[in-house]
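Secondary and tertiary structure notes
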Amino acid sequence: MEHIAIIGNGISGITAARHIRKLSDKKITVISSETDYFFSRTALMYVYMGHMKFKHTQPYEDWFWKKNEITLKKGYVEQIDTAKKILLFSDGENLKFDKLILATGSKPNKFGWPGQDLKGVVSLYHKQDLEAVETYAPNNTDCKRAVIVGGGLIGIELAEMFHSRHIPVTFLVREDSYWSAILPSGESKMITHEIRKNGIDLRLQSNLKQINSDANGNVKSIVIAETGEEIDCNVVGLTAGVSPNIGFLEHSELETNRGILVDRNLETNIKGIYAIGDCAEQRIAVEGRRPIEAVWYTGRIMGETVAQTICKKETLYTPGHWFNSAKFFDIEYQTYGWVNSERHMKPNEAHFHWMHPDQTKCLTIAFDKTTQSFLGINTFGIRMRHEIFNRWLDQNKSIDYVLEHLEIANFDPEFYKNHYKEVLGKFNAEHHKNLRLKKKNWSQIFTLKS
Ligand SMILES: Cc1cc2nc3c(=O)[nH]c(=O)nc-3n(C[C@H](O)[C@H](O)[C@H](O)COP(=O)(O)OP(=O)(O)OC[C@H]3O[C@@H](n4cnc5c(N)ncnc54)[C@H](O)[C@@H]3O)c2cc1C
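A brief report on the enclosed structure follows. (Residues numbered from 1 in each chain as written. Predicted model: local features only at pLDDT ≥ 70, side-chain atom pairs only at ≥ 80, totals over all residues.)

1. Brief notes about the overall build of the chain
Note the threshold: Elements are defined by DSSP. Helices are runs of H or I of four residues or more, strands are runs of E of two residues or more, and each kind is numbered from the N terminus. Atoms considered for the radius of gyration are the C-alpha atoms alone. The globule rule reads 2.2 Å times the number of residues to the power 0.38. Whether a residue is buried, exposed or partly exposed is read from the other C-beta atoms within 10 Å of its own C-beta, which are placed from the backbone; 20 or more gives buried, 12 or fewer gives exposed, and intermediate counts give partly exposed.
Assigned secondary structure in the chain consists of twelve helices and 25 strands. Scaling as 2.2 N^0.38, a compact globule of 450 residues should have a C-alpha radius of gyration of about 22 Å, and the chain matches this with 24 Å. The dimensions of the chain, computed from C-alpha atoms along their principal axes, are 70 × 60 × 40 Å. The buried share among the 450 residues of the chain stands at 39%.

Here you go:
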């Protein structure tokens, strides 16, 4: 019986295993050095914040794997002998495979800062990182201040985590406004305001110079590169992005760049060895997409795709329209399609932006200046329906159509005050138009017709 080995029990590896099982009776082994069972990485913050126990982040019961004849192996793969098709583990064991799927995820970036390995320096990626955060920042007596370095999505999650235990936080962000390389300026400013409103000591245009230690090798303070200011703290969170977790492949025959290079069918340069999820880099990026996309849903799609290729017929990776969601303290964020920051706007990209006066809700719609086609939407504090935007992007709807039908896409709880009249009013005034809101029609939502 063909043996499929999968390194990584995250969303990508586990999706591949589940789908291979659905499609075949092949022998499947899933390997991970991190945890015995698959868990939802995106929920780690809620464990620290006391909203759930770690056990609740595991979507499947422990018996699921045995019942489905998926063997789970805890261990760290140190090397791959691609010629003999053998995995070599750090404890000296080895495992033979017929086909291999690499789903090894990401690791947090460290940029060689002095003091970056001191006791009390943490990040937020693996379960072990969460355990370290719990050890070094259990409360605001043992941790008088935490400093976070790097202003992306994981940095703000860590800030919210410390904040939930009343630990004062200083947040160093390289840009002049939070996440301004990704968000259009109005939104970036709004979230900058939200961070400060929550009492976070946000330092913009500030880089880390070094982390100082006390006599026992614990974090004592940090120094800001630009000003030389020293800030006393007990914990430093390094959240300056992630990169593919592929260090162990250094001496293998597998071709790598930033990630493991794959074709559109997710196969590496070695036949029968595939890479999926955060660790995979497309040799030629899918049109309009980045070669590496470290998000949950693309990992899931790659897992399904590789299972098809291995069990049925070769299938090309097709990620669909880009989407993502996050939460910035109390403000929910969703994005569908592409809305670029001013710095990365495409030549023909134009934006329409609306913000509520209380600065807790806003949206930006991107459209093509010439064709008026809808390109994407960002919403903050407003929930939208994913399937509707997918459809409108598929159907190449115009910005006018999207604005007139915005209420149909709304997914806020019942009786939630919506602001589509104000939104449309602003657009009409700015563009000298007289568009009118179309009433919500439930059949349009449920039948997905329009
Ligand atoms: C705090 C946080 C919040 C996030 N929030 C969101 C979100 O809201 N939305 C979103 O889309 N994405 C989010 N992401 C990103 C998302 O979680 C990742 O894109 C996704 O989990 C990656 O899945 P993966 O299966 O590719 O890899 P991983 O989940 O990283 O799994 C890889 C596994 O392989 C193991 N492994 C690696 N090398 C070896 C080896 N040599 N031997 C044995 N085992 C090995 C690793 O230890 C790990 O367990 C978040 C990430 C983090 C850290």
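2. Things to note about the pairing of strand β10 (residues 146-149)
As a reminder of what qualifies: Any two strands are treated as partners once DSSP identifies two or more bridges connecting them. By convention, orient the strands away from the viewer: a clockwise path from the first strand over the helix to the second makes the crossover right-handed.
Neither face of β10 is exposed, since Ala146 and Ile148 on one face and Val147 and Val149 on the opposite face are all buried. Pairing geometry for β10 and strand β11 (residues 169-172), over four bridges, is parallel. Across the sheet, Ile148 pairs through a bridge with Phe171, a residue of β11. Taken together, β10, helix α5 (residues 153-164) and β11 form a β-α-β motif whose crossover is right-handed. Bridge analysis of β10 against strand β16 (residues 235-238) gives four bridges, and the strand direction is parallel.

3. Some remarks on the sheet that holds strand β2 (residues 27-32)
Put simply, the test is: Think of each axis as a best-fit line through the C-alpha atoms, taken over the contacting stretch in the case of a helix, with angles from 0 to 180 degrees between the N-to-C directions. Note that contacts rest on C-beta atoms placed from the backbone: two residues are in contact if these are within 7 Å.
With parallel pairing, five strands are arranged side by side in an open sheet as β3-β2-β1-β7-β19. In this open sheet, the two strands that pair with only one neighbour each are β3 (70-74) and β19 (273-275). Put simply, the sheet's adjacent strands are angled 20° from each other on average, direction ignored. Bridge count between strand β7 (residues 99-102) and β19: three bridges; the pairing is parallel. When the bridges of β19 are listed, Ile101 appears paired with Tyr274. Its contacts with the sheet put helix α1 (residues 11-23) on β1 (3-7), β2, β3 and β7, and the angle it makes with β2 is roughly 170°.

4. Quick notes on the packing of α1 against helix α7 (residues 296-311)
Keep this limit in mind: Here a crossing is taken to be left-handed if its near helix is turned anticlockwise relative to the far helix by less than a right angle, and right-handed if that turn runs clockwise. Lys, Arg, Asp and Glu make up the charged group, whereas Ala, Val, Leu, Ile, Met, Phe, Trp, Tyr, Cys and Pro make up the nonpolar group; the residues left over, Gly among them, are polar.
Their axes nearest at 7 Å, the elements α1 and α7 cross at an angle of 35°. The element α1 and its partner α7 pack so that their crossing is right-handed. Facing α1, whose interface residues are Ile11, Ser12, Gly13, Thr15, Ala16, His19, Ile20 and Leu23, α7 presents Trp296, Gly299, Arg300, Met302, Gly303, Glu304, Val306, Ala307, Ile310 and Cys311. Classifying every residue of the contact of α1 with α7 by side-chain character gives ten nonpolar, six polar and two charged.

5. Details of the site of the ligand
For the record, the criterion: Placing the C-beta atom from the backbone, one calls a residue near a molecule or strand if that atom lies within 6 Å of it. Each domain's limits were defined by an automated method or a database of domain assignments.
Around the ligand sit 36 residues, and of these Gly8, Gly10, Glu34, Gly105 and Gly277 come closest. Within the residue set of the shell around the ligand, elements represented by two or more residues are α1, β2, α5, α7 and β21 (323-328). Taken together, the residues of the shell around the ligand sort by class into 16 nonpolar, 16 polar and four charged. Built from parts of two domains, the shell around the ligand gets at least three residues from each of domain 1 (3-107 + 243-311) and domain 2 (121-240).

6. Comments concerning the pairing of strand β24 (residues 362-368)
Here β24 lies mainly inside the structure; six of its seven residues are buried. The sheet contact formed by strand β23 (residues 349-355) and β24 spans seven bridges and is antiparallel. Opposite His351, over in β24, you have Ala366 as the bridge partner.

7. A few points about the nonpolar core
Keep this limit in mind: Core membership is restricted to buried Ala, Val, Leu, Ile, Met, Phe, Trp, Tyr and Cys residues, and these are joined into a nonpolar core through C-beta atoms within 7 Å.
Residues Ala146, Ile148, Phe171, Val235 and Val236 are the most contacted members of the largest nonpolar core, which totals 74 residues. For this core, the element with the highest residue contribution is α5, accounting for six residues. Residue contacts for Val236: discarding those within four places in its chain leaves Gly120, Val121, Val147, Val149, Ile211, Val219 and Ile222. Formed by 41 residues, the second largest nonpolar core is a distinct cluster that contains Ala17, Phe97, Val262 and Val306.

8. Observations regarding helix α11 (residues 420-431)
This is how the line gets drawn: How far a helix is expected to stretch is found by multiplying one less than its residue total by 1.5 Å.
With twelve residues, α11 should cover 16 Å at 1.5 Å per step; its first-to-last C-alpha distance of 16 Å lies within 8% of that length. Of the surrounding secondary structure, the elements contacted by the buried residues of α11 are β23, β24, α9 (399-404) and α10 (406-409). His432 sits one or two residues past α11 and shows a positive phi near 50°.

9. A look at the sheet that holds strand β9 (residues 121-122)
The strand order across the open sheet built from five strands is β9-β16-β10-β11-β12, with neighbouring strands paired in parallel fashion. The sheet is open, and its two edges are formed by β9 and β12 (201-203), each paired on a single side. Docked against the sheet, α5 engages β10, β11 and β16, running at close to 170° with respect to β11.

10. Quick notes on the environment of Glu134
Looking at the secondary structure, you find Glu134 in helix α4 (residues 127-136). Placed 275 residues apart in sequence, Glu134 and Ala409 show a C-alpha to C-alpha distance of 40 Å.

11. Notes on α4
Note on helix geometry: an α-helix contains 3.6 residues per turn, so any two residues three or four positions apart are oriented the same way. Selection rule: For this quantity, the arc is that covered by the directions from the helix axis to the C-beta atoms.
When we look at burial in α4, the residues that qualify are Leu130, Val133 and Tyr136. For α4, the angular spread of buried residues about the axis comes to 140°, placing them on one side. Contacts made by the buried residues of α4 are with α2 (44-48), β9, α5 and β16.

12. Focus: the environment of Gly150
In this structure, Gly150 sits in the loop between β10 and α5. Here Gly150 falls in the buried class, since 23 other C-beta atoms lie within 10 Å of it. Through-space distance from the C-alpha of Gly150 to that of Val133 is 17 Å; in sequence the pair is 17 residues apart. When residues no more than four places from it in sequence are discounted, the contact partners of Gly150 are Gly155, Leu238, Thr239, Ala240 and Gly241.

13. Quick word on the environment of Asn212
Assignment of secondary structure puts Asn212 in strand β13 (residues 208-213). Classification of Asn212 by C-beta neighbours within 10 Å gives partly exposed; the count is 17. With 40 residues separating them along the chain, Asn212 and Leu172 place their C-alpha atoms 16 Å apart. Contacts of Asn212, omitting those with residues within four sequence positions, involve Gly115, Lys220, Ser221 and Val223.

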